[in-house]
Amino acid sequence: MSKSSKPPKDPEGRMALTEHLRELRSRLVKSVLAIVLMMIVAVFYHRQIETFLMQPLPKCNTPAEIASFKGKCAQVSTIGLTTPFTLTLKVALTAALVATVPVWLYQLWAFITPGLHKHERRYALGFLTAGVPLFLAGVACAYLLLPTTVQVLISFAPDNTTPILPPENYISIATRLVLLFGAAFEFPLLLVMLNFGGVLSGKRLLGWWRGMIMGITVFAAFASPSADPVSMLALAAPIWVLYFVAVGISLLNDRRRARRNPDAGLDDEEASHLDLSVEQVASAEPVGASTAPAAPAPVPAARHEQMDDIT
């Protein structure tokens, strides 16, 4: 066997522990490499990205803006010699994480795929297609929420004072919101994946709706950087809607699965339904008489003597 030849893959996707670790390392290296390459590209455009991220900050350049923000405007000021360099790296890393969403989501899907059946792999590709726009939708929602978050946080400043805002502090809040919203918007997709994999049924997900709404609300309250209800509802409300969309898709999938296999929704310890209905018996079919068997040949006298000796 040549050194370049590889052993055949298991058709059921079974691997040894070392092979799993090797596969995980390969996927992580590819994801990190893509993020680093995109980060290098983002460094050359860091000023444009910083200007875009700084747009939600309240500015008091005109009397109308002063009246709108009630004179409480942040004065952006960098403190420290290495702060601009650190800020550039942080901005580039955030942009790289968002720009490489299709890459690391695909690597995650490729790592899970060997443990799935053939029909489940087809669904996983659809989940990858839906995961990218969901993450980007969360990023857009976080960016739209930034102005309200900044205004609420600055409103706590005492009167007749000018808040000095270090840009790295603001970028940290923006990065946290962007990644948090993007990951939170993937939660309903995870529920659909569990349903298509046969782990959770749509009926069970629907029965959890009260606990889900409460859990999502508590998560949004702790995850939002500001304590105002607007930020909390801006994060919780889209996840509520996506949760019920996931429940609807799961119920439709369970109904489709039940049409193909009536026992698909049964638990492992639950007996399947037995069809005990009585069907009408058809009329008897006439059977022709068989011919009589031929008479056996007579046994010789010598054979009789041998049989008597044995007995």
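Source: prediction; values computed, not measured. (Residues numbered from 1 in each chain as written. Predicted model: local features only at pLDDT ≥ 70, side-chain atom pairs only at ≥ 80, totals over all residues. Heavy atoms only, no water.)

S.K.: Explain the nonpolar core to me, please; I cannot follow it from the model alone.
M.R.: One broad trend across soluble globular proteins is that nonpolar side chains are buried collectively. If you look at the biggest cluster of nonpolar residues, it comprises 40 residues, and the most contacted ones within it are L57, Y170, I171, F181, L235 and Y243. For this core, the elements supplying multiple residues, two or more each, are α2 (46-54), α4 (83-99), α5 (101-112), α6 (118-154), α7 (167-184), α10 (209-223) and α11 (229-260). Among the elements that make up this core, the one with the highest residue count is α6 (10 residues). For F181, the residues in contact, after removing those within four places along its chain, are G138, C141, A142, L145, A234 and L235. Within the second largest apolar cluster, six residues are counted, among which are F127, V192, F196 and A246. (Core = buried A, V, L, I, M, F, W, Y, C linked by side-chain atoms within 4.5 Å. Buried < 20%, exposed > 50% of the residue type's maximum accessible area, 1.4 Å probe, protein only. Helix = DSSP H or I, 4+ residues; strand = E, 2+ residues; numbered from the N terminus. Contact = heavy atoms within 4.5 Å.)

S.K.: Explain a nonpolar patch on the surface to me, please; I cannot follow it from the model alone.
M.R.: Residues V32, L33, V36, L37, M38, I40, V41, V43, F44, Y45, F85 and L89 make up a contiguous nonpolar surface patch of about 1100 Å² in total accessible area. For the nonpolar patch, the secondary-structure elements that each account for two or more residues are α1 (17-44) and α4. The element best represented in the nonpolar patch is α1, accounting for nine residues. Along the chain, the position of M38 falls in helix α1. When its relative accessible area of 32% is taken as the criterion, M38 is described as partly exposed. (Patch = residues over 30% accessible without salt bridge, like charges linked within 9 Å, V, L, I, M, F, W, Y side chains within 5 Å. Areas by Shrake-Rupley, 256 points an atom, 1.4 Å probe, with all protein chains shown as cover. Salt bridge = Lys/Arg side-chain N within 4 Å of Asp/Glu carboxyl O.)

S.K.: How should I be thinking about the side chain of E186 in this particular structure?
M.R.: Within the secondary structure layout, E186 lies in the loop between α7 and α8 (187-196). No salt bridge forms around the buried E186; measuring N to O, its nearest opposite-charge neighbour R27 is 18 Å away. Within polar-contact distance, the side chain of E186 engages the backbone nitrogen of F135 at 3.3 Å. Contacts of E186, omitting those with residues within four sequence positions, involve G131, L134 and F135. (Lys, Arg positive; Asp, Glu negative; His and termini not counted. Polar contact = N/O pair within 3.5 Å; in protein donor to acceptor, adjacent residues only side chain to side chain.)

S.K.: Looking at this structure, I do not really get the packing of α8 against α11. What am I missing?
M.R.: How two helices sit against one another is set out by the angle between their axes and by the gap between those axes. For the pair α8 and α11, the least separation of the axes is 8 Å and the interaxial angle reads 15°. The angle between α8 and α11 places the two elements in the roughly parallel class. Regarding α8 and α11, the two cross each other, and that crossing is right-handed. Contacts between α8 and α11 involve F187, P188, L191, V192, N195 and F196 on the former and, on the latter, I239, L242, Y243, A246, I249, S250, N253, D254 and R257. (Axes fitted to C-alpha atoms, helices over the stretch in contact; angles between N-to-C directions. Parallel < 35°, antiparallel > 145°, perpendicular 65-115°, else oblique. Left-handed = near helix turned anticlockwise from the far one by under 90°.)

S.K.: How should I be thinking about the packing of aromatic side chains in this particular structure?
M.R.: The description of two aromatic rings rests on the distance between their centres and on the angle between their planes. Throughout the structure, instances matching the rule amount to three aromatic pairs. Summarising the aromatic geometry, the rings of F52 and Y143 are spaced 4.5 Å apart at their centres and angled 5° between planes, so their arrangement reads as stacked. One end of the pair, F52, is in helix α2; the other, Y143, is in helix α6, with 91 residues separating them in the sequence. Aromatic pair W104 and F135: ring centres 5.5 Å apart, planes at 85°, arrangement edge-to-face. You can see W104 sitting in helix α5 and its partner F135 sitting in helix α6, a full 31 residues away along the chain. You can call W104 partly exposed: its relative accessible area is 25%. Looking at F135, the relative accessible area reads 4%, which means it is buried. (Phe/Tyr/Trp six-rings, centres within 6.5 Å; stacked < 30°, edge-to-face > 60°.)

S.K.: Help me understand the environment of L233 in this model?
M.R.: With respect to the helices and strands, L233 occurs in helix α11. Residue class for L233 comes out partly exposed when judged on its relative accessible area of 41%. It is 7.8 Å that separates the C-alpha atoms of L233 and T217, two residues lying 16 residues apart in sequence.

S.K.: Explanation requested: α10 in the structure shown.
M.R.: Side chains of residues three or four places apart in an α-helix project in the same direction, reflecting 3.6 residues per turn. Across its 15 residues, α10 extends 21 Å between first and last C-alpha, which sits within 8% of the 21 Å expected from 1.5 Å per residue. Restricting attention to buried positions, one finds in α10 the residues M212, I216, T217, A220 and A223. Around the axis of α10, the buried residues are gathered within 140° of arc, so they sit on the same side. With respect to the buried face of α10, the exposed residues turned more than 90 degrees away are R210, M214 and F222. Packing partners of the buried residues in α10 comprise α7, α8 and α11. (Expected span 1.5 Å × (residues − 1). Arc of directions from axis to C-beta.)

S.K.: What is the right way to read the environment of P102 from this model?
M.R.: Of note, P102 is situated in helix α5. The exposure class assigned to P102 is partly exposed, which follows from its relative accessible area of 41%. For the pair formed by P102 and T129, sequence separation is 27 residues and the distance between their alpha carbons is 8.5 Å. In contact with P102, other than residues within four places in its own chain, are L128 and V132.

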